[in-house]
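# Survey of secondary and tertiary structure
Listed here are the chains, written in short residue letters.
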Amino acid sequence: MAIITVNGVELGVESFGREEDPLVLLAGGTTMLSWPDSLCVMLAEGGRRVVRYDLRDSGASTTKDPENPSYDLRDLAADAAELVTALGAESAHLGGHGVGGMAAQVAALDHPESFSALTLVSTRPVAPGPVDDDLPDHDQSVMSDVFSRPQPDWTNRHAVAEYAAESAAILGNDPAQAQEIAVRIWDRTPTSDPSVHQANQLGMVFSRIDCSPRWREGLGDLGVPSLVVHGRADPFFPVGNGQALAAAIPAAQLLTYEDMGTQIPEWATDGIATAMLRL
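Residues numbered from 1 in each chain as written. Predicted model: local features only at pLDDT ≥ 70, side-chain atom pairs only at ≥ 80, totals over all residues. Heavy atoms only, no water.

The next point concerns the sheet that holds strand E5 (residues 92-97). Read from one edge to the other, the open sheet built from 8 strands follows the order E1-E2-E4-E3-E5-E6-E7-E8, with strand pairing classed as mixed. With partners counted over all chains shown, the strands left at the sheet margins are strand E1 (2-6) and strand E8 (253-257), one partner each. Adjacent strand axes in the sheet meet at a mean angle of 25°, parallel and antiparallel pairs treated alike. Pairing of strand E3 (residues 23-27) with strand E4 (residues 49-53), which is carried by 5 bridges, proceeds in the parallel orientation. Looking at E4, one finds that Leu 23 is bridged to Arg 49. (Pairing = 2+ DSSP bridges. Helix = DSSP H or I, 4+ residues; strand = E, 2+ residues; numbered from the N terminus. Axes fitted to C-alpha atoms, helices over the stretch in contact; angles between N-to-C directions.)

This is the structure in structure tokens:
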């Protein structure tokens, strides 16, 4: 673990592999732990230098006020590009998961010189909020089940872990994996402030940042090898979002998993790592 200052903020990063190997930069969704340890290790064993990092207002990165963020999506995209330079690389294979996948799309469009390949997992080609008519929205019955439950005491480690496991079961994710990740996120949260714990666990800050202008119409200009990974059991960003994303990016590969929800499950990391190493 380390802290790197870019674009006026401190970002928490974790590295795997040899510094001389080609760089794979993994943007958190919102924390770096959305990218499983096993996937990072497999990429490193495949000859890549892997660096995963926390987005602003999450994990070990600069946390100010998650309820009133003073930055926008373009700032998060610039963070990724500046990280490449700060890490001493000319370019990187950029990965983004969930909301981090939105930042990754914009980063590849705004800073094409910084990125040589793109992997997008469980994300979509438009910002949070109302979706385009041709894109499937969140499964409303599942979302109701998730968000109608009483929220935990965000300062209680055990309660947060149990809440994460219960949410995962509803969302089609592995409860044990979600519980373990929630504990690790909780342990890495640098304050006892309940709003910060909630932001770290749920990524709520992303729904509060300015994501304009639209970027979907520019995806056809991407000229880097791209991989889109999506689960057919994902109720948060249903698989049609991944299919539309892959169709919009020239020559993008689409990798779908029948039983995968929003999280990257441990059983899928081998296949995803293999596909990423081919880019």
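What follows deals with the pairing of strand E7 (residues 226-231). Counting buried positions over the 6 residues of E7 gives 6, a clear majority of the element. Burial along E7 is two-sided: Ser 226, Val 228 and His 230 and Leu 227, Val 229 and Gly 231, pointing in opposite directions, are all buried. Bridge count between strand E6 (residues 115-121) and E7: 4 bridges; the pairing is parallel. If you follow Leu 118 over to E7, its bridge partner there is Ser 226. Strand direction decides the pairing type here: E7 and E8, joined by 5 bridges, are parallel. Pairing of Val 228 across the sheet is with Leu 254, part of E8. Handedness of the crossover joining E7 and E8 through helix H8 (residues 239-248): right-handed. (Buried < 20%, exposed > 50% of the residue type's maximum accessible area, 1.4 Å probe, protein only. Right-handed = clockwise from strand over helix to strand, strands pointing away.)

On to the packing of helix H2 (residues 73-86) against helix H3 (residues 99-110), then. Interaxial distance between H2 and H3 falls to 8 Å at its minimum, and their mutual angle equals 70°. One way to sum up the angle between H2 and H3 is to call them roughly perpendicular. Residue-level inspection shows Leu 73, Arg 74, Leu 76, Ala 77 and Ala 80 of H2 in contact with H3, the latter providing Met 102, Ala 103, Val 106, Ala 107 and Asp 110. Its residues placed into classes, the contact of H2 with H3 shows 8 nonpolar, no polar and 2 charged. (Parallel < 35°, antiparallel > 145°, perpendicular 65-115°, else oblique. Contact = heavy atoms within 4.5 Å. Nonpolar A, V, L, I, M, F, W, Y, C, P; charged D, E, K, R; others polar.)

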